[in-house]
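# Commentary on secondary and tertiary structure
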Amino acid sequence: MIDAPFMGYLEFVSRMLYFKGAQFRAAEYEKDFLEMRLLTTIYSTAENLRFLIFALDHIEITEAFAKDDLLWSKDTSLLDIFKLMLGGHDEILRTILLYATLRYFFLGAPPANFPDFIRVIRNLLENTADKSIREWPRLLLSIDNLIGKEHVFDILIQPNALDLLEGFYLPQRREEILKARIIRVQPAAQQIFEQAENNAYLRGNIMPLIAQNEKEPELFDVPAFQSLYRSYEIISEEDFELVWGDLLNSQLYTQNKWQRLICDDDYPKNQAVINLASDHAKSYQQYPILEDFLRHRERLFLVKKLGKTPDLSETRNVKEQLYIYYILHRRIMKCDINRFFANGFNFGWLAKDNGYVSLFKKGIADDEWFDEENPIFQTYRTQFRYNLGLKTENALPAEVVGLGRKNNPFELLAQWAENNE
C-alpha cells in the first residue's frame, strides 16, 4: 500500500505542474490531481517527469535550507512547510513557496543565492491579495522568470523586470525592484531591509518606510532608514499600545456621516504611523525614551491649539476633541491607556443622558445631528450599536460623572502644557 504522505506529495507536485502549464484564467480547471488520466497527461512531457523525479530525490533540500522561519511566526521554516503539506495542510502561500524552492534547485540556480530568491518570492506572494488558482499560471511563470544563474537582484534590476513579475501585486513588484537597485549600489542596505521585511507588522512590504526618504538608489540614506526602522520598532511594541492615543488626531482615523470615527484596519502601514515613527527618529537624541517624546508632542499640540482656541471647550473638530480627552485622561486624570480604549479603537457618539457630561460645548463640525450640541463618546470594536444606548464601560472617563473627573479640567490641561519640565 502506498502511504498517504507519498500520495500527498505526488498530488502537490502534479498540481503545481498542471497549473504551470494551464491557461491563465481558464473557465475551469482540473481538481483531482491523482486521477490516472490527468497524471498521464501531466507526465507525458520529459521536463515534468524530470521535475517529479527531482522532487522525489531531493526532499532533503527543504531541510538543508530551512534554518529560519519565513512567515512571521514560529514553525514556518521550509521544513515545517514541507511537513504541513504532507499532513494535508496546503495553504496557498506555503504551497507556492515550497514549489518555488524545488523549482529553484531543479533549474540549477546557485545554492548560495537561494535565501535572497526565496525572500523576494515570499514578499511578492504575501503582498499579492489574489493568489487564487486562476492566477497560478501567471504566478508560477513569474517565479521561473526570477530563477537563473544570475542573482535575483540582478534579474530585478533589468529594464524589463516589471514585466517578468506578472500576476504579483504591481506596487510590490515595484518595491522589490527598487530594493534590488538600492542594494546593488549600497550593499549595506540589505541587512536593515531584511530586518524590516521580517517585522510581523510590515510582512515584507517596507515601502511605507522607504518612501520617507526615497531618492535615487545612489543617494538613498541607509542610516536614516535604520533610524526610522528603529523608531518604528519602538512605537509598535505591544501592538502600538503606547502611541495609539497620540494618533487620534491624524489620518489614521476617518470621520463618517453616521456619528463615527473609524480607525484604519491596516494601521501598521498607515502614513500617520510612519510619520510618527519619523518624528520620533528625528527627536531620538533629545527624547530617547518614548514616553518623554509623546509628552513633548502632546504639549506642542496643546500650546498650538491654545494659541488659536484659548477655551478648549470650544473645539469642534472631533479628532481634536478626542485627542484632548486622551491627553487629559493620561496626564491629568492619570488613567490607564487601556481604560480610554476600553472597548475598542473606534468611536461612535450618542445624545447625552443622565450620568454623562461632555466637556465640549460647540458641537462637532461636519456632523448632521450634533453640529451645535456635543454628544457622548463611546468606544467600539467592529460594529457600533445605536440601540444599546450609552454604556459606562464604553464611555470615556472624562465624560462619566463621578469617575475621577476633575474640576476645571481644561485649565489644568493648559497649565500642564505650559509646564515644560
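Residues numbered from 1 in each chain as written. Predicted model: local features only at pLDDT ≥ 70, side-chain atom pairs only at ≥ 80, totals over all residues. Heavy atoms only, no water.

It is at 8 Å that the axes of helix α1 (residues 4-20) and helix α5 (residues 78-86) come closest, and there the two elements cross at 105°. Classified by the angle between their axes, α1 and α5 sit roughly perpendicular to one another. Note on element contacts: α5 touches α1 through Phe82, Met85 and Leu86, opposite Pro5, Gly8, Tyr9 and Phe12. Split by residue class, the contact of α1 with α5 holds 6 nonpolar, 1 polar and no charged. (Axes fitted to C-alpha atoms, helices over the stretch in contact; angles between N-to-C directions. Helix = DSSP H or I, 4+ residues; strand = E, 2+ residues; numbered from the N terminus. Parallel < 35°, antiparallel > 145°, perpendicular 65-115°, else oblique. Contact = heavy atoms within 4.5 Å. Nonpolar A, V, L, I, M, F, W, Y, C, P; charged D, E, K, R; others polar.)

So, on to the environment of Glu135. Here Glu135 shows up in the loop between α7 (114-126) and α8 (136-145). Relative accessible area serves as the criterion here: at 2%, Glu135 is assigned to the buried category. Between the C-alpha atoms of Glu135 and Gly167, which are 32 residues apart in sequence, the distance is 6.5 Å. Glu135 has contacts with Phe24, Arg25, Asp130 and Gly167, leaving out every residue within four places of it along the chain. Within the local environment of Glu135, its side chain forms a polar contact with the side chain of Arg138, the two groups lying 3.1 Å apart. (Buried < 20%, exposed > 50% of the residue type's maximum accessible area, 1.4 Å probe, protein only. Polar contact = N/O pair within 3.5 Å; in protein donor to acceptor, adjacent residues only side chain to side chain.)

Once that is clear, we can look at the sheet that holds strand β3 (residues 346-350). What the 4 strands build is an open sheet, ordered β1-β2-β3-β4; its pairing is antiparallel. The open sheet has two edge strands, β1 (253-256) and β4 (376-380), and neither has a second partner. Neighbouring strand axes in the sheet, compared pairwise and without regard to direction, differ in orientation by 25° on average. When strand β2 (residues 260-263) meets β3, the two strands line up antiparallel, connected through 2 bridges. Across the sheet, the residue bridging to Arg260 is Gly348, located in β3. On top of the sheet, helix α18 (residues 318-332) reaches β1, β2, β3 and β4; it is set at about 80° to β4, its chief contact. (Pairing = 2+ DSSP bridges.)

Another aspect to go through is the packing of aromatic side chains. On inspection of all chains with the given rule, the structure shows 37 aromatic pairs. Seen from their ring centres, Phe19 and Tyr29 are 5.2 Å apart, and the 55° between their planes marks the pair as tilted. Note that Phe19 is positioned in helix α1 and Tyr29 in the loop between α1 and α2 (36-42), a separation of 10 residues in sequence. Every member of this aromatic cluster is reached through a ring pair, and the members are Tyr201, Tyr232, Phe240, Trp244, Tyr253, Tyr267, Tyr326, Phe340, Phe341, Phe345 and Phe347. Directly above the ring of Tyr284 sits Arg230, whose terminal nitrogen or CZ lies 3.7 Å from the centroid. The ring of Trp416 has Arg299 lying over it, and the distance from NZ or CZ to the ring centre is 4.1 Å. (Phe/Tyr/Trp six-rings, centres within 6.5 Å; stacked < 30°, edge-to-face > 60°. Lys NZ or Arg CZ within 6 Å of the ring centre and 35° of its normal.)

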